[in-house]
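# Structural features, examined
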Amino acid sequence: MRDINYDEVLMNYAKEVMKNAYAPYSNFKVGAALLTNKGTVYTGCNVENSSYGATVCAERNAIFQAVANGEQEFVKIAICCSENRFPIPCGMCLQVMQEFNDEIEIILSDHTSIKKYKLEDFLPVHFKL
Ligand code: THU
């Protein structure tokens, strides 16, 4: 018997929502699960479009779901993809995470193990208006 690993629980939400990704152009599915300070989990997957620039990443879809539901305080985000590698979030998603919490924890899975980062590991400086 072992203790519940809540990061793994969060990652399981990401793995589940990844199945719903709409990625017919890249065949690269991504799932993200965002934990808020209230303990709520919001999930998102990537949604592609034949006008490629209209595609939205999984991470931003999860964050936008949370904001639309009245939450803006985010603790951590778990991300996985349909390949056996750690999916580093793109710059646009990092910038969106930074908007709400520049110390958010980023948890990545390659389907074998989990790696934990801080936002500043990927985005040490950012654009500010
Ligand atoms: N993608 C994400 O969902 N998150 C990222 O951080 C990077 C890329 C998606 C967008 C697109 O549907 C596919 O991965 C290939 O770029």
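Computed from a predicted model, the values in this text were never measured in an experiment.

On to the overall build of the protein. Looking only at helices and strands, the protein has four helices and five strands in total. Written out in order from the N terminus, the α and β elements of the protein read α-β-β-α-β-α-β-β-α. Taking 129 residues into account, the globule formula puts the C-alpha radius of gyration at 14 Å, and the protein, at 14 Å, falls close to it. Here the C-alpha coordinates of the protein stretch approximately 50 × 35 × 30 Å along the principal axes. The 129 residues of the protein split such that 39% are buried. At a minimum sequence separation of 6, the contacts of the protein that also span at least 24 residues come to 60%. Surface accessibility of the protein: about 7,500 Å² in total, with carbon and sulfur atoms responsible for 51%.

Attention now goes to the pairing of strand E2 (residues 41-45). Bridge count between strand E1 (residues 30-36) and E2: five bridges; the pairing is antiparallel. Within E2, the position partnered with alanine 33 by the bridge is threonine 43. Between E1 and E2, which follow one another and run antiparallel, lie four residues, and glycine 39 among them has a positive phi close to 90°.

Note on placement: serine 82 falls in the loop between strand E3 (74-81) and helix H3 (91-100). Looking at serine 82, the relative accessible area reads 36%, which means it is partly exposed. With residues up to four places along the chain from it excluded, the contact list for serine 82 reads Met18, Asn27, Phe28 and Lys29. Among the polar contacts listed, one links the side chain of serine 82 to the backbone nitrogen of lysine 29, at a separation of 2.8 Å.

With respect to the secondary-structure elements, threonine 112 resides in the loop between strand E4 (105-109) and strand E5 (114-118). As a C-alpha pair, threonine 112 and asparagine 5 span 107 residues in sequence and 15 Å in three-dimensional space.

The subject of this paragraph is the site of the ligand. The environment of the ligand is made up of Ser26, Phe28, Val30, Asn46, Glu48, Thr55, Cys57, Ala58, Glu59, Pro89 and Cys90. The contact in question runs from an oxygen atom of the ligand to an N or O atom on the backbone of alanine 58, over 3.0 Å. Between a nitrogen atom of the ligand and a side-chain N or O atom of glutamate 59, the distance comes to 2.8 Å. Taking a 2 Å distance to the grid points as the criterion, the majority of the atoms of the ligand fall inside the largest pocket. When grouped by side-chain class, the residues that make up the shell around the ligand number six nonpolar, three polar and two charged.

Calculation rules
Residues numbered from 1 in each chain as written. Predicted model: local features only at pLDDT ≥ 70, side-chain atom pairs only at ≥ 80, totals over all residues. Heavy atoms only, no water. Helix = DSSP H or I, 4+ residues; strand = E, 2+ residues; numbered from the N terminus. Rg over C-alpha atoms; globule rule 2.2 N^0.38 Å. Buried < 20%, exposed > 50% of the residue type's maximum accessible area, 1.4 Å probe, protein only. Contact = heavy atoms within 4.5 Å. Areas by Shrake-Rupley, 256 points an atom, 1.4 Å probe, with all protein chains shown as cover. Pairing = 2+ DSSP bridges. Polar contact = N/O pair within 3.5 Å; in protein donor to acceptor, adjacent residues only side chain to side chain. Near = heavy atom within 4 Å. 1 Å grid on protein atoms, 1.4 Å probe; cavity = no way out; pocket = protein on both sides within 12 Å on 5 of 7 lines; lining within 4 Å. Sits in = over half its atoms within 2 Å of the grid points. Nonpolar A, V, L, I, M, F, W, Y, C, P; charged D, E, K, R; others polar.

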